[in-house]
Structures are given as structure tokens and as C-alpha cells.
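Residue-level listing of the chains:
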Amino acid sequence: AQSVAQPEDQVNVAEGNPLTVKCTYSVSGNPYLFWYVQYPNRGLQFLLKYITGDNLVKGSYGFEAEFNKSQTSFHLKKPSALVSDSALYFCAVRGLYNFNKFYFGSGTKLNVKP
Amino acid sequence: GAVVSQHPSWVICKSGTSVKIECRSLDFQATTMFWYRQFPKQSLMLMATSNEGSKATYEQGVEKDKFLINHASLTLSTLTVTSAHPEDSSFYICSANYLTGTDSYEQYFGPGTRLTVT
């Protein structure tokens, strides 16, 4: 079965500092991994995805994620956090047999303090 | 980029009444849409997969007679919460699969609908 785990409910970081939001995956076969961001009372916005190729994936708003097969991780990163990055972040993996189905992690709340 | 809209953005209804939520893909066709439910400070729970022209596929534990889904066209899916109760109060989010390439999908999400049942 496909699943992702986000071990941190909350991450606090000062503005200007680098940020990391962690995600680990458990999948059969090659994983198709995604990151989404959700602002209060809003739907999810796509940030980036990994399907194949380079392990470092660049996405929207300066975010990037590193796919690490040996550690089964897909951590979200940004070199310099902004207060406006404060939001809820979800990692997701696409279904193996049902390509339409996405499995989401529990979410990590990112707080960026000025 | 692909845009998904939802209407209404928020709705208050009385217990025992039904409420319909619409999900539209504005600039692409979506043969498959999804309905999620999100409780405060929790992740998204997939309720059902909405298939254009056929019956929806419900996840285990979701009452199909209570949460009626209709996907009548390639750009519209509706979720009707029938005989609503206060415990149905939640944030409902729809999404649509957007084909970006061969065997490559991205899910685009609507802005969500806040349902409050009094």
C-alpha cells in the first residue's frame, strides 16, 4: 500500500533562515511524490512533484524537495523562509494501481516568525 | 494553469435539510474528480471518486446515500449532503486530475466549502 508520513505536526523557523518540512514514504514500486500547501480556509495549491529524473526538484515560490531513495524521504526545503510561507503543508503519493488516487500525509504547520 | 472552482464557499443550513456543493474545472476537462473532507487541523480524508458518466466510487465508511455525488459533465461534479446533521459540519474540498503528460497527473484543488449545520 502507498503511504506517506509527516513526522512533525509543526515546524517553527525564523524569517530568513532555511526551512525543512519532512516527509517519508512507503510505496511499492517507483513513487510519484507531491507537495501541496494550504492557506487558511483555502484549498490545496500544488508546489512540486517528483516522478523520475533529478533527485532535486524545484517548484513554486522558491521551494524545492529532495528525493532520497535510500532514506525513503522527500523533504521540502527553502533556503530563506518568508513570513508569508506560514501555512499547512501536505506531502502526497500517487496510487500504484489507481493513478487517480492520492494519499496525503497528516500535514505540517509551518510557522515563520519575523 | 488549471483552475478548479467550488460553490458556495461557505454555507449554513439547518439540521435535516440537504445542501449541494458544486465543483467545476474551469479551463480543462476532468473525467475524474475527487471529494475530500477535512476536519480542523487534520489531513484530507478522501470521501469518494467522482467519475464522469458513471457512478461514484466511495471510500470505506462513507455513506453513499448520505453523500450523493453526480458527475454529469466533464467540468462539473456535485456533492449533495442529504439530511444534514451537525456532525456533517466540515470543510469539503474537491479536486480534479489534470493530465500533464503521458502517465503524469497533477491534482488541482478547489478552494473548499465550509459547511455548518445548525
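A quick note: this is a predicted structure, and the numbers were derived from the prediction, not measured.

Peer 1: What is the right way to read the interface of chain B and chain A from this model?
Peer 2: Note: interface size is frequently given as the accessible area lost on complex formation between the parts. On the chain A side, the residues contacting the 23 residues of chain B number 21 residues. Taken over both partners, the interface formed by chain B and chain A buries close to 1700 Å², and the fraction arising from carbon and sulfur atoms is 49%. Applying the counting rule to chain B against chain A returns zero salt bridges. Along the contact surface separating chain B from chain A lie three residue pairs in polar contact (both at pLDDT 80 or more). The set of elements that each furnish at least two residues to the side of chain B that touches chain A consists of strand S4 (32–38), strand S5 (44–51), strand S9 (90–101) and strand S10 (104–109) of chain B.

Peer 1: Help me understand the environment of Phe90 of chain A, please; the structure alone is not making it clear to me.
Peer 2: Residues and elements named next belong to chain A. Here Phe90 shows up in strand S10 (residues 87–94). Given the relative accessible area of 0%, Phe90 is considered buried. Considered as a pair, Phe90 and Lys101 are eleven residues apart in the sequence and their alpha carbons are 15 Å apart.

Peer 1: Teacher, can you tell me more about the state of the cysteines here?
Peer 2: In a disulfide, the sulfur atoms of two cysteines are covalently bonded to one another. The full count for this structure, using the stated rule, is two disulfides over all chains. Paired through a disulfide, Cys23 of chain A and Cys91 of chain A show a sulfur-sulfur distance of 2.0 Å. Looking down the S-S bond of the Cys23 of chain A and Cys91 of chain A bridge, the torsion is -60°, so its handedness is left-handed. Here Cys23 of chain A is found in the loop between strand S3 (19–21) and strand S4 (24–26), whereas its partner Cys91 of chain A is found in strand S10, with 68 residues between them in sequence. For Cys23 of chain A, a relative accessible area of 0% gives the class buried. Between the sulfur of Cys23 of chain B and that of Cys94 of chain B lies a disulfide, 2.0 Å long from S to S. Disulfide Cys23 of chain B-Cys94 of chain B: the torsion about the S-S bond is 80°, which places it as right-handed. Of this pair, Cys23 of chain B sits in strand S3 (residues 19–25) while Cys94 of chain B sits in strand S9; the two residues are 71 residues apart in sequence, bridging distant segments of the chain.

Peer 1: Explain the sheet that holds strand S8 (residues 76–81) of chain B to me, please; I cannot follow it from the model alone.
Peer 2: Remark on secondary structure: sheet strands pair via backbone hydrogen bonds, oriented parallel or antiparallel. All names here are of chain B. The sheet built from four strands is open, its strands ordered S1-S3-S8-S7 with antiparallel pairing. Looking at strand neighbours, the two that pair on one side only are strand S1 (4–7) and strand S7 (67–73), the edges of this open sheet. Pairwise comparison of adjacent strand axes, ignoring direction, gives a mean angle of 15° for this sheet. Two elements, S7 and S8, share five bridges in a ladder whose sense is antiparallel. If you follow Asn70 over to S8, its bridge partner there is Thr78.

Peer 1: I tried to follow the pairing of strand S9 (residues 73–78) of chain A on my own but got confused; where do I start?
Peer 2: Walk down a regular strand and you will see the side chains alternate between the two sheet faces. Residue and element names in this part refer to chain A. Among the six residues that make up S9, five are buried, leaving the element largely enclosed by the rest of the structure. Pairing analysis gives three bridges linking S3 to S9, with the strands arranged antiparallel. Across the sheet, the residue bridging to Leu19 is Lys78, located in S9. Relative to S9, strand S8 (residues 64–68) runs antiparallel, the two being bridged by five bridges. Looking at S9, one finds that Glu66 is bridged to His75. Between S8 and S9, which pair antiparallel and follow one another directly, the connecting turn spans four residues, one of which, Thr72, has a positive phi of 45°.

Analysis parameters
Residues take numbers from 1 onward in each chain, read along the sequence in its written order. Following the order in which they are written, the chains are lettered starting with A and the ligands numbered starting with 1. Local features in this predicted model are restricted to residues of pLDDT 70 or higher, and side-chain atom pairs are both shown and tallied only at a pLDDT of 80 or more, whereas totals for entire chains, interfaces and linings draw on every residue. Side-chain metrics rest on all non-hydrogen atoms present in the structure, leaving aside hydrogens and water. Two residues form a contact once any of their heavy atoms are found within 4.5 Å. In short, buried area is how much 1.4 Å probe accessible area vanishes from two parts on joining, totalled over both. Salt bridge, as used here: a side-chain nitrogen of Lys or Arg that lies within 4 Å of a carboxyl oxygen of Asp or Glu. Two N or O atoms form a polar contact when they lie within 3.5 Å of each other; inside protein one atom must be a possible hydrogen donor and the other a possible acceptor, and for residues adjacent in sequence the pair counts only when both atoms belong to side chains. Put simply, DSSP H or I for four residues or longer makes a helix, DSSP E for two residues or longer makes a strand, and each gets a number counted from the N terminus. Partly exposed residues are those whose accessible area sits between 20% and 50% of the maximum for their type, while under 20% is buried and over 50% is exposed, using a 1.4 Å probe and protein chains only. When the sulfur atoms of two cysteines come within 2.5 Å, that pair is taken as a disulfide. Pairing between strands is defined by DSSP: at least two bridges between them are needed. To obtain each axis, a line is fitted to C-alpha atoms, and for helices this fit is confined to the stretch in contact; angles are then taken between N-to-C directions over 0 to 180 degrees.

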